[in-house]
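Given next are the chains, with one letter for each unit.
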Amino acid sequence: PYSAGFFGVQQGEFRNYFAFNLPSFTGTVTSARLRLNTGLLGTNGSFPINYQITSLAAFPAGGSDFPSLGTGTLYGERGFTSTDQNQMVSIDLNNAGVAALTSGGTFRVGGRVTNRGTATTHALFGNTFGAVVTLDFDTVVAPVPEPASWAMLITGFGLTGAVMRRRRMAFA
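Let me begin by describing the structure that accompanies this report. Everything quoted here is computed from the prediction, not taken from an experiment. (Residues numbered from 1 in each chain as written. Predicted model: local features only at pLDDT ≥ 70, side-chain atom pairs only at ≥ 80, totals over all residues. Heavy atoms only, no water.)

1. Structural notes on the overall build of the chain
Here's step 1: If you tally the helices and strands in the chain, you get two helices and nine strands.
Here's step 2: The helix and strand sequence of the chain, counted from the amino end, reads β-β-β-β-β-β-α-β-β-β-α.
Here's step 3: Counting across all 172 residues of the chain, residues that qualify as buried make up 32%.
Here's step 4: Counting every atom, the chain has about 10,100 Å² of accessible surface; 58% of that belongs to carbon and sulfur. (Helix = DSSP H or I, 4+ residues; strand = E, 2+ residues; numbered from the N terminus. Buried < 20%, exposed > 50% of the residue type's maximum accessible area, 1.4 Å probe, protein only. Areas by Shrake-Rupley, 256 points an atom, 1.4 Å probe, with all protein chains shown as cover.)

2. Focus: the sheet that holds strand β1 (residues 16-21)
Here's step 1: Judged by pairing direction, the sheet is antiparallel, and its four strands sit side by side in the order β1-β7-β4-β5 without closing on themselves. The open sheet has two edge strands, β1 and β5 (74-80), and neither has a second partner. Here the strands of the sheet are splayed against their neighbours by 20 degrees on average, with no regard to which way each runs.
Here's step 2: Here five bridges tie strand β4 (residues 49-55) to strand β7 (residues 106-113), and the two strands are oriented antiparallel to one another. Bridging from a neighbouring strand, T54 pairs with G110 of β7. (Pairing = 2+ DSSP bridges. Axes fitted to C-alpha atoms, helices over the stretch in contact; angles between N-to-C directions.)

3. Points about the packing of aromatic side chains
Here's step 1: Scanning the entire structure with this criterion turns up three aromatic pairs.
Here's step 2: Taking the centre distance of 5.1 Å and the plane angle of 55 degrees together, the rings of F25 and F137 count as tilted. Of this pair, F25 sits in the loop between β1 and β2 (28-37) while F137 sits in strand β9 (residues 134-140), and the two are 112 residues apart along the sequence.
Here's step 3: Assessed through its relative accessible area of 17%, F25 is described here as buried.
Here's step 4: A centroid spacing of 5.7 Å and a plane angle of 15 degrees characterise the contact between Y75 and F107, whose relative ring orientation is stacked. (Phe/Tyr/Trp six-rings, centres within 6.5 Å; stacked < 30°, edge-to-face > 60°.)

4. Some remarks on the pattern of salt bridges
Here's step 1: Summed over the entire model, instances satisfying the criterion amount to three salt bridges.
Here's step 2: The residue D138 makes a salt bridge to R33 at a minimum N-O spacing of 2.7 Å. With a gap of 105 residues between them, D138 in strand β9 and R33 in strand β2 connect regions that are remote in the sequence.
Here's step 3: Among the residues examined, D138 registers a relative accessible area of 35% and is labelled partly exposed.
Here's step 4: On the accessibility criterion, R33 (19% relative accessible area) is buried.
Here's step 5: The partner of D136 in a salt bridge is R35, and the shortest N-O contact between them spans 3.7 Å. Of this pair, D136 sits in strand β9 while R35 sits in strand β2, and the two are 101 residues apart along the sequence. (Salt bridge = Lys/Arg side-chain N within 4 Å of Asp/Glu carboxyl O.)

These values are about where atoms sit, not about what they do.
Now the structure itself:
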């Protein structure tokens, strides 16, 4: 599913999708990026070649879901230039994409080139079938106070209560 973005008047249009089984994790995802190899790039139009990734509810079944690839909620986009040829690149996920990452869940995205003209041909991800695609993300785990911190907190509340009680008795 890795021949996205090759199209033109004669060629039609190819789109792609990626699916990831996410590990179980704790904390909040703060950022994420899709990393992939661009493969061969080419255009008889002009650069940049604009590519977007969007939400995808399910795997395409026999091409029947082709129209939905690259048309869901926008998760990220990137413009590719001739200097990106055969390079590993990252597409940063926006807030909607980051929010869609769930611990132990499945994350699916569809992709397509968005600046398709009727008289242009863009090639993106050419000869990359079987290439490694990764989804990297960063999480932040809320710190848990250490036992010494809890002990100091409880001692502080106890001392405050004792002082307040002693003052009340002195006024009586």
